[in-house]
Structure formats: C-alpha cells, structure tokens
Amino acid sequence: MIRVVLPAHLRTLARVRGEVELEVLGVATQRSVLDALEAKYPMLCGTLRDHVTQLRRPFVRFFACEQDLSHESPDAPLPDVVASGAEPFLIVGAIAGGRGRV
Amino acid sequence: MSKVRVLVGTRKGAFVLTSDGKRANWDISGPHFAGWEIYHVKGSPADPNRLYASQSSGWFGQVMQRSNDAGKTWEPVGNKFVYDGVPGTHQWYDGTPHPWEFKRVWHLEPSLTDPDTVYAGVEDAALFRSSDGGQNWQELSGLRGHGSGPRWQPGAGGMCLHTILLDPNVAGRMYIAISAAGAFRSDDAGTSWKPINQGLRSEQIPDPTAEVGHCVHRIAMHPSRPGVLFMQKHWDVMRSNNAGDSWQEVSGNLPTDFGFVIDVHAHEPETIYVVPIKSDSEHYPPDGKLRVYRSRTGGNDWEPLTKGLPQSDCYVNVLRDAMAVDSLDSCGVYFGTTGGQVYASADAGDNWAPIVRDLPAVLSVEVQTLS
C-alpha cells in the first residue's frame, strides 16, 4: 500500500480527506503511482502531468523522505520506505508559480 | 415570477448571484472552486440548469466542471484538449516561431439548442467542441489550419480565443475572435473559416490593415440581427452591417476608444454599451471615473452613464468577458471589475448599484434570465 499526500486543491477536486492509499502493481515508481492515482481518481488526469507527453507539470513537485524526487526518472524505483507505506509520497504545488494572465 | 442568475468567474473562484425580477436584492453563493481561476461560467440556453465552468491554475492546469442543477453541485468532466495533428507554430512576442501549446480555456459557448454541445475557446488560440456534455473535446482545426495561423501572435494576455458567437438564424454560421489575430467567420459549423477583418486598422502591427494580426477584444451581436456585429478592438469601437465582411469605426465621441467589453441591449438592437479604459498602458478608467457609455444609434453618438458608479479615484479595469445583459423588461446590464465589484443596472444603464463589491478580481460575468 502506497500512501500519497495530495495538495489541498487536488484533495478538494478528488473529494478526499487526508492521505490517499493506493495499491500499486509491480515496482513502485513515480509513473506507476501516478497511473494508480489517476485510475482511482480520474478527475486528477491532466492536473499532475500532461495528458499526451506524460511529463510532470512544471509547478508540481514530488517529495519523499525529505528528498525532492521531481527530477528523477519517472521509472526509477521509489525508496523502499515509500513502497512499503512507511513513508508517504508527497505531491506538492511548487512555492513558485501559479499566476495566470488575463 | 422572473428570476435572474448572474454567473461570475473570478481569480479565486466562481460565484452565483440570484435575484427576482426586481433585481434589488441578491443572494450570493460561492466561492465555488475556491482558490482556482475561473475564466468563464456559462449556462445552456436549451437547459438553464446546465452550467459549464472553466477552472484553471498555474500549478494544476485546466479542469472543466459541469452542473446539472444550476450550480448547486458540480462534477468534473473532460479536460483533455489536444490539438489536431501536428500543432505547428505561431509568432511569439518577439516575432519568432513558437510551438502551439494548450494553456487554458478562456470562453465557453453552449449550443443554442443542445445542452450537451458546447464550444470552448482556448489559449493558445483554437476552437474545441464537445457533443457529450464536456466529457470529450475535439478541435475544429479548420480555424487554426486555414492558412494564417503561423502569423498569429499573442496579445498582452496571451494568444487567446475569447469570443464565440453562434448565429441563431443562419444554420452553421458562427464567429470567433482571437487576440491578437482578429475575427473569423465560419458558414459551415466550424469546418472552414475566413478572416473578417477588412476595415480594421491597427497601428501596432507592421501593416495596419493586414488580413490578420488585429487585437480584437470582444464582439457582440443582437440575436434578432445577427448580421450586425459590434467590436471593441484594442483601440477603436467598430461596427459591421454585413456579417463581418467589412467594418466601420463608430468610436465617435467616446473619451477613449480603448476598452475590453461591448454588449447590446436585449430589446434594442441599436443600443450598445462599452466601458472606455484610458489606454493599453493604463488599464483603468479615464480621470478615475468609472463610466459606462451607451449609444442608442448603433455607435458614433455616445452618452456617459454615471449614476451609482464611482466618479472619483476609481482605477479598476473591466475585462473582456465581464459584461452581460438580461432580457427582462427593462433590460438589465451587468459588469464586473478587477476590483471585485459587480455592478448592475435594472433600467438599461440609467442607474447603477453594486450587487456585490468585495469579490476577487472579476474575469467574467454572464446572465441567465429565468421564467
């Protein structure tokens, strides 16, 4: 069981409170965790990574074990403590960014 | 008893304002989608309980929302906007080619007859359509691919398709406008398009009378005369009597002809409204006086409407999608400001009052008249 912490806006969008728990088949990676997350909460599709390229959105960050994993390969295994559920996988809105234009 | 529902999109959420036909007392619900930018909320003319909302953020991108109960509850629908084929390039701010990239939905235009069909105008400029209530979106790529696309360029707010008008009389005819490309018309339900910018003059582009490149801010029409169009361009208020084939300037005695909004009285097709803004570098009203200008002659002769509007020290802007009218008798006129006020007039503009005054910056205002 993988534990995922979503940013507040996406918890509201997905209508969840607190952490999300996911069953991930095979090796736990950013990609497999996001695949499982989007399968369970399809309204999150496109909010974390591009629909087509599957690249992480620029102002979304992935943290775990006090490390920034955002620039790791999406297919790199996550730390064992994340894969085991001992530590959560944190999805964070970057402290920079967010401003649109009109 | 008639009712009016005002749908307000702001920088930090959507708000729904309702009143009876007297339009004196208002109930306010919201913020819906708190903290998100809501560029536009619009109801279906075929089913007024069906609303669509464009929700976006710089962090999490585009989300589309749909309501089947007039905004009491909402459900996310499809947000996959993928350009048809190889997107190609348009001009960047410095004139270099720049790849087409989807950023957000600026404007939603539900079909006049089918609640499940809705058009979306997006940045980077393109037109999409959904025929299943917003679940799936397909680009009407004849617009972007008709030939001039590589010459389009972004205005200061981005390269947005912000206006969609559906002709209620001529089947398949629709108009769109892009900043900064200009106005376009389709006569075959969006399959093919032609630029309709003859008569526009923009000193900010190398060829002031070019076929495309004009920063059109808004177009409005009266449903009883859909061949007559009114335009607020970056500078200049314009009018066309032939479905956009040619345009004439009708700025007349306006104190400045820069602005964003333009709209038409619900019952008087020659009565139009604008909110003059000082300039493109000073996005606030001239002299700190917030004035709506009304022409009862389809342009050229304008009168300031000031009763109930701040006439000193007012430095808000009124953005392009932030004016609307109701169809009660007499016609109600509404507009929202970047200062968070929504002003309403229940007598066609003679008298104004804020119906809410401390919202986040208002991006869009739409009105539904309910029987």
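The rules behind these values
Residues numbered from 1 in each chain as written. Chains lettered and ligands numbered in written order. Predicted model: local features only at pLDDT ≥ 70, side-chain atom pairs only at ≥ 80, totals over all residues. Helix = DSSP H or I, 4+ residues; strand = E, 2+ residues; numbered from the N terminus. Rg over C-alpha atoms; globule rule 2.2 N^0.38 Å. Buried ≥ 20, exposed ≤ 12 C-beta atoms within 10 Å, placed from the backbone. Contact = placed C-beta atoms within 7 Å. Nonpolar A, V, L, I, M, F, W, Y, C, P; charged D, E, K, R; others polar. Pairing = 2+ DSSP bridges. Axes fitted to C-alpha atoms, helices over the stretch in contact; angles between N-to-C directions. Core = buried A, V, L, I, M, F, W, Y, C linked by C-beta atoms within 7 Å.

Asker: Run through the overall build of chain B, naming residues and quoting values.
Answerer: Per the secondary structure count, chain B includes zero helices and 30 strands. In terms of overall dimensions, chain B is globule-like: its C-alpha atoms have a radius of gyration of 19 Å, near the 21 Å expected for 371 residues. Taken across its 371 residues, chain B has 55% of its residues classed as buried. Contacts in chain B between residues far apart in sequence, at least 24 positions, make up 50% of those at least 6 positions apart.

Asker: So what's going on with the overall build of chain A? Which residues, and what values?
Answerer: Counting its secondary structure elements, chain A contains three helices and five strands. Helices and strands appear in chain A in the N-to-C order β-α-β-α-β-β-α-β. At 13 Å, chain A has a C-alpha radius of gyration in line with the 13 Å of a compact globule built from 102 residues. For chain A, the spread of C-alpha atoms along the principal axes amounts to about 45 × 30 × 25 Å.

Asker: So, the interface of chain B and chain A: which residues are in play, and what are the values?
Answerer: Contacts between chain B and chain A engage 20 residues on the former and 19 residues on the latter. Elements that contribute at least two residues to the side of chain B that touches chain A include exactly strand S5 (51-57) and strand S6 (61-67) of chain B. A total of three residues in the side of chain B that touches chain A trace back to one element, the largest contributor, which is S6(B). Taken together, the residues that form the side of chain B that touches chain A break down as eight nonpolar, nine polar and three charged.

Asker: Run through the sheet that holds strand S23 (residues 272-276) of chain B, naming residues and quoting values.
Answerer: Residues and elements named next belong to chain B. Strand order in the open sheet formed by four strands is S22-S23-S24-S25, and the pairing between neighbours is antiparallel. Strands at the two margins of the open sheet, each flanked by one partner only, are strand S22 (259-264) and strand S25 (303-305). The average undirected angle you get between the axes of adjacent strands in this sheet is 30°. For S22 and S23, the ladder comprises four bridges, and the chain directions are antiparallel. Each bridged residue has a counterpart across the sheet, and for Val-264 the counterpart in S23 is Ile-272.

Asker: Which residues make up the pairing of strand S19 (residues 229-233) of chain B, and what are the values?
Answerer: All names here are of chain B. For S19, the tally of buried residues reaches five of five residues, placing the bulk of the element in the interior. By the alternation rule, side chains of S19 split into Leu-229, Met-231 and Lys-233 and Phe-230 and Gln-232, which are all buried. Where strand S18 (residues 216-221) meets S19, five bridges bridge the pair, whose relative direction is antiparallel. If you follow Met-221 over to S19, its bridge partner there is Leu-229. Taken together, the four bridges between S19 and strand S20 (residues 237-240) define a ladder with antiparallel strand orientation. Bridging from a neighbouring strand, Gln-232 pairs with Val-237 of S20. Connecting S19 to the next strand, S20, in antiparallel fashion are three residues, including Asp-236 with a positive phi near 95°.

Asker: Got a sec to walk through the environment of B:Ile262? Specific residues and values, please.
Answerer: Residues and elements named next belong to chain B. Along the chain, the position of Ile-262 falls in strand S22. With 24 C-beta atoms packed within 10 Å, Ile-262 lands in the buried category. Placed 29 residues apart in sequence, Ile-262 and Lys-233 show a C-alpha to C-alpha distance of 9.6 Å. Aside from chain neighbours lying at most four places away, what touches Ile-262 is Arg-218, Ala-220, Phe-230, Met-231, Gln-232, Val-237, Ile-272, Tyr-273 and Val-274.

Asker: Can you explain the sheet that holds strand S28 (residues 342-345) of chain B? Please cite residues and give values.
Answerer: Strand pairing in a sheet relies on backbone hydrogen bonds. The paired strands run either parallel or antiparallel. Residue and element names in this part refer to chain B. Reading across the sheet, the four strands line up as S26-S27-S28-S29 and stay open at both edges, with antiparallel pairing between neighbours. Because the sheet does not close on itself, it has two edges, and the strands there are strand S26 (323-325) and strand S29 (353-356). Adjacent strand axes in the sheet meet at a mean angle of 25° when their direction is disregarded. Pairing of S28 with S29 involves three bridges; the strand directions are antiparallel. Residue pairing across strands places Ala-344 opposite Ala-353, the latter belonging to S29.

Asker: Kindly report on the nonpolar core, identifying the contributing residues and their values.
Answerer: Generally speaking, a soluble globular protein has its nonpolar side chains buried in company with each other. Counting 106 residues, the largest nonpolar core has B:Val8, B:Ile176, B:Ile219, B:Met231, B:Tyr334, B:Val342 and B:Val365 as the members making the most contacts within it. Beyond its immediate chain neighbours, meaning those up to four positions away, B:Ile219 contacts B:Thr163, B:Leu165, B:Tyr175, B:Ala177, B:Ala183, B:Leu229, B:Phe230 and B:Met231. By size, the runner-up hydrophobic cluster in this structure holds 26 residues, among which are A:Ile2, A:Leu10, A:Leu37 and A:Phe89.

Asker: Go over unusual backbone geometry with me, naming the residues and quoting the values.
Answerer: All names here are of chain B. In this structure, the amide linkage connecting Gly-30 to the following residue, Pro-31, adopts the cis form with an omega of 0°. Assignment of secondary structure puts Pro-31 in strand S3 (residues 27-32). Here the amide bond leading from Glu-123 into Asp-124 is cis, since omega sits at -5°, within 30 degrees of zero. Note that Asp-124 resides in the loop between strand S11 (118-123) and strand S12 (126-130).

Asker: Mind laying out the environment of B:Pro269, listing which residues take part and the relevant values?
Answerer: Residues and elements named next belong to chain B. Of note, Pro-269 is situated in the loop between S22 and S23. Between the C-alpha atoms of Pro-269 and Val-228, which are 41 residues apart in sequence, the distance is 8.8 Å. Contacts of Pro-269, omitting those with residues within four sequence positions, involve His-222, Ser-224, Arg-225, Val-228 and Val-264.

Asker: Give a detailed account of the environment of B:Arg239, specifying residues and quantitative values.
Answerer: All names here are of chain B. On the secondary structure map, Arg-239 appears in strand S20. On the basis of neighbour count, Arg-239 is assigned to the buried category, with 20 C-beta atoms found within 10 Å. In sequence terms Arg-239 and Leu-290 are 51 residues apart; their C-alpha atoms lie 24 Å from each other. Setting aside its immediate chain neighbours within four residues, Arg-239 contacts Phe-230, Trp-247, Gln-248, Val-250, Gly-298 and Gly-299.

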